[in-house]
Amino acid sequence: MAASLPVAPASVLGADPDPSFAELLAARSHLSMHAHDGLMVEEVPLARIAAVVGTPTWVYSAGALRRRARALKSALDGAGLRASVHYAVKANTSLAVLKVLADEGLGADVVSEGELRAARAAGIPGSGIVFSGVGKTERELRLAIAEDIAQINLESAEEAEALSALATSLGRTARVALRVNPDVDARTHAKITTGRSENKFGVAIEDAPALYARLAALPGLEPVGVATHIGSQITSGMAAYRAAYARLAELVQALRAEGLPVRHIDCGGGLGIPYRDEPAPMPEALAGAIKATLGPLGLPVMLEPGRWIAGPPGLLLASVVLQKQGTNRRFLVLDAAMNDLVRPAMYDAWHGILPVGPVDFVAPASPADVVGPVCETGDTFARGRALPSLKPRALVAFLDAGAYGAVMSSTYNMRPFAAEVMVDGTRFAVVRDRQTYDELLGGNRLPAWLGGAP
Ligand SMILES: *Cc1c(COP(=O)(O)O)cnc(C)c1O
């Protein structure tokens, strides 16, 4: 009865097979499989973390964070660039993650008051902080001025006028860069491309010279450079970066010809990572693209990487609730859901999923749909993924979940925020408590006319 046979997707049948468990492990040096302890992050078995902290839990490798921060800096140094790295805080706002990166000498790129406060709380000085975003409120700009941050990236003429008035009223001068939209296609997911003319970000590059001159003329503003950020998860080579930076270089030459000061160039973030087997560019390639296009200007550059630094070092640890046999497919129902890790539902993202148990790791695999308990069909992490049969309470790990993971969580379906753990060598610590049900319910109030306390 061919019609009732399970239909395995092409990825399992072989046209473009998913990477094997062994391949996924081999490409992630902070992970290893131990014959007795199962999947380890650095020297800590994930089973131990699950026993102590429960699941779902985010787990970050401090060692991997440090290695990536250093690799990025050495790529920039190697290209002979004068560069500063401002980690894009929105990728992962854990204070422990920020502290590890601050200790590596990284600055921060923030997009909200909360992120600015988090960066300061982690010890990143105002002089290392850049503030981006298309809708900074007056309150946020006030804080940015009070903290005397390195640079506010302006995204519109309207924002420039407002900041000028605010800074003047406070008797201060704000250092600003102009974020330009170079109208290049980063060829990434439509929801994370930011450098096309139809996107809301920055000002059109044609309008930039006049606006930059206006910044120089406005009181309370000191224009220090230009900035761009063309999108996220860029894995399609360096062509889009080169095109954007080449336009930026032309712009800087035009500004200089007008006698306008440009002290540095903010190159944005966006460097992609291999979630599956994408040919992800290395930082050396990005450094080379910057050198080739912007190098002749002889200016220092700033980078704002988020995902590249924080993505691979993190994973989401989850437990199997049950395995359910459907009409023609097997469902693995986990205790993690789209409210924890939304990337598959939101961006059709692929995450490696590894069994944590040593026996599960080598057991025969067959296609399974990996789902959470949330009442949405979109609460599906993977379809037709080759995984072994797993018993209730077996553990699995979603790889490369350190960026745009915990930060995008919600409490949808009244599910508390998961705990966050950091591993460093043989140590681990909870770096954010699992939200309690009291905390989850606690903000609710009944008005007196519904029976609440007057
Ligand atoms: C999100 C963002 C980044 C970081 O993007 P990644 O893809 O995580 O590197 C950098 N700069 C700005 C302005 C951003 O909005």
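Within any chain, residue numbers begin from 1 and follow the written order of that chain's sequence. Per-residue local features of the predicted model are confined to residues with pLDDT of at least 70, and side-chain atom pairs are confined, for both listing and counting, to 80 or more; whole-chain, interface and lining totals are unaffected and use all residues. With hydrogens and water stripped out, all remaining heavy atoms of the structure feed into the side-chain values.

Going by the annotation in an unreviewed UniProt entry, the name recorded for the protein is Diaminopimelate decarboxylase, with Roseicella aerolata given as the source organism. UniProt positions are given in the numbering used here, feature names are shortened, and annotations may be inferred rather than shown by experiment. Within the UniProt record for the protein, the comment given under Catalytic activity (unreviewed entry) is "meso-2,6-diaminopimelate + H(+) = L-lysine + CO2". Comment text from UniProt for the protein, heading Subunit (unreviewed entry), reads "Homodimer."

Enquirer: When you look at the overall build of the protein in this model, what are you seeing that I'm missing?
Expert: Looking only at helices and strands, the protein has 15 helices and 21 strands in total. Radius of gyration (C-alpha) of the protein: 24 Å, near the 22 Å computed for a compact globule of 454 residues. To sort residues, take the accessible area from a 1.4 Å probe on protein chains only and compare it with the maximum for the residue type: under 20% means buried, over 50% means exposed, and anything in between is partly exposed. Across the 454 residues in the protein, those meeting the buried criterion constitute 55%. A separation of at least 24 residues holds for 70% of the contacts in the protein among residues at least 6 apart in sequence. Taken as a whole, the protein presents about 19,300 Å² of accessible surface, with 55% of it coming from carbon and sulfur. Charged side chains in the protein number 43 positive and 46 negative. The centres of these two groups are separated by 2 Å. Note on conventions: DSSP H or I runs of at least 4 residues are helices, E runs of at least 2 residues are strands, and numbering of each starts at the N terminus. For the radius of gyration, the atoms used are the C-alpha atoms, and the globule rule reads 2.2 Å times the number of residues raised to 0.38. Should any heavy atoms of two residues lie within 4.5 Å, those residues are considered in contact. The Shrake-Rupley method, run with a 1.4 Å probe, gives the accessible areas here. Residue values count only the displayed protein chains as cover. All tallies of charge rest on Lys and Arg as positive and Asp and Glu as negative; His and the ends of each chain are not included. A single reference atom marks each charge: NZ on Lys, CZ on Arg, CG on Asp, CD on Glu.

Enquirer: Explain the UniProt feature "modified residue: N6-(pyridoxal phosphate)lysine" (unreviewed entry) in the protein to me, please; I cannot follow it from the model alone.
Expert: Per the UniProt annotation, the sites labelled "modified residue: N6-(pyridoxal phosphate)lysine" (unreviewed entry) are Lys90. Looking at where lysine 90 falls in the secondary structure, it is placed in the loop between strand E5 (83–88) and helix H5 (95–103). Residue classification places lysine 90 among the partly exposed residues on the basis of a relative accessible area of 34%. Not counting chain neighbours up to four residues away, the residues in contact with lysine 90 comprise Val111, Glu115, Tyr404 and Val407.

Enquirer: What am I meant to see in the nonpolar core here?
Expert: Considering soluble globular proteins, one finds that nonpolar side chains tend to be buried as a cluster. Put simply, buried Ala, Val, Leu, Ile, Met, Phe, Trp, Tyr and Cys residues joined by side-chain atoms within 4.5 Å make one nonpolar core. Formed by 132 residues in total, the largest nonpolar core has its most connected members in Leu46, Tyr87, Ile265 and Phe398. Tallying contributions element by element places helix H10 (residues 239–257) first for this core, with nine residues. Either an automatic procedure or a domain database provided the assignment from which the domain bounds are taken. If you count residues domain by domain, this core takes at least three from each of domain 1 (21–61 + 313–440) and domain 2 (79–308). Once residues within four sequence positions are removed from consideration, tyrosine 87 is found in contact with Asn92, Val97, Leu98, Leu101, Leu106, Gly107, Ala108, Asp109, Pro305, Gly306, Ile309 and Ala310.

Enquirer: Hey, could you run me through the site of the ligand in this one?
Expert: Any residue with at least one heavy atom within 4 Å of a molecule or strand is counted as near it. Around the ligand, 14 residues are found, and the nearest of them are Lys90, Ser232, Glu304, Arg307 and Tyr404. The term polar contact refers here to a pair of N or O atoms within 3.5 Å; inside protein, the definition further demands a hydrogen-donor-capable atom paired with an acceptor-capable atom, and it admits residues adjacent in sequence only when both atoms are side-chain atoms. Within the side chain of histidine 229, an N or O atom sits 3.5 Å from a nitrogen atom of the ligand. Here an oxygen atom of the ligand and a side-chain polar atom of serine 232 are 2.3 Å apart. Within the complex, the protein chains bury 94% of what would otherwise be the 390 Å² of accessible surface of the ligand. Points on a 1 Å grid, built from protein atoms alone, make a cavity when a 1.4 Å probe fits but cannot get out and make a pocket when they are open with protein on both sides within 12 Å along at least 5 of 7 lines; residues with an atom within 4 Å of a point are the lining residues. Occupancy of a cavity or pocket is assigned to a molecule whenever over half of its atoms lie within 2 Å of that pocket's grid points. Its atoms largely coinciding with the cavity grid, the ligand occupies the largest pocket. Of the residues in the shell around the ligand, the class split is three nonpolar, six polar and five charged. All residues other than Ala, Val, Leu, Ile, Met, Phe, Trp, Tyr, Cys, Pro, Asp, Glu, Lys and Arg, Gly among them, are scored as polar; the first ten of these are nonpolar and the last four charged.

Enquirer: Even after reading the chapter, I still don't get the layout of surface pockets, so can you show me in this structure?
Expert: Unoccupied space between atoms shows up once a probe the size of one water molecule is rolled over them. Grid points are joined across faces, edges and corners, and a volume is the space filled by probe spheres set on the points. Each pocket or cavity is described by its volume, and for the largest pocket that value is around 600 Å³. Lining the largest pocket are 33 residues, with Lys90, Val111, Thr194, Phe201 and His229 positioned closest to its centre. There are two domains that each give the lining of the largest pocket at least three residues, and those are domain 1 (21–61 + 313–440) and domain 2 (79–308). Of the volumes computed, that of the second largest pocket is approximately 410 Å³. When residues of the lining of the second largest pocket are assigned to their parent elements, the largest contribution, four residues, is made by helix H4 (residues 62–78). Its residues assigned to classes, the lining of the second largest pocket comprises ten nonpolar, three polar and five charged.

Enquirer: Is there a simple way to think about the pattern of salt bridges in this case?
Expert: Two side chains that carry opposite charge are able to pair once their charged atoms sit near each other. Salt bridges, as used here, are contacts in which a Lys or Arg side-chain nitrogen is within 4 Å of a carboxyl oxygen on Asp or Glu. Enumeration according to the criterion identifies 21 salt bridges in this entry. Taking the shortest distance from any N to any O, the salt bridge between glutamate 138 and arginine 142 comes out at 2.8 Å. With glutamate 138 and arginine 142 both in helix H7 (residues 138–146), this residue pair falls four residues apart, about one helical turn. A relative accessible area of 38% means that arginine 142 is categorised as partly exposed. Salt bridges linked by common partners bring Asp16, Asp18, Arg276, Asp277 and Arg385 together as one network.

Enquirer: I keep staring at helix H9 (residues 208–217) and nothing clicks. Help me out?
Expert: Because each turn of an α-helix spans 3.6 residues, side chains separated by three or four positions in sequence point in the same direction. Residues of H9 that are buried: Ala208, Leu211, Tyr212 and Leu215. The buried side chains of H9 occupy one side of the element, clustering within an arc of 100° when seen end-on. In H9, the exposed positions that point more than 90 degrees away from the buried face belong to Ala210 and Ala217. Buried residues along H9 sit in contact with strand E8 (151–154), helix H8 (157–169), strand E9 (174–181), strand E10 (203–204), strand E11 (221–227) and H10. Directions pointing from the helix axis toward each C-beta atom define the arc.

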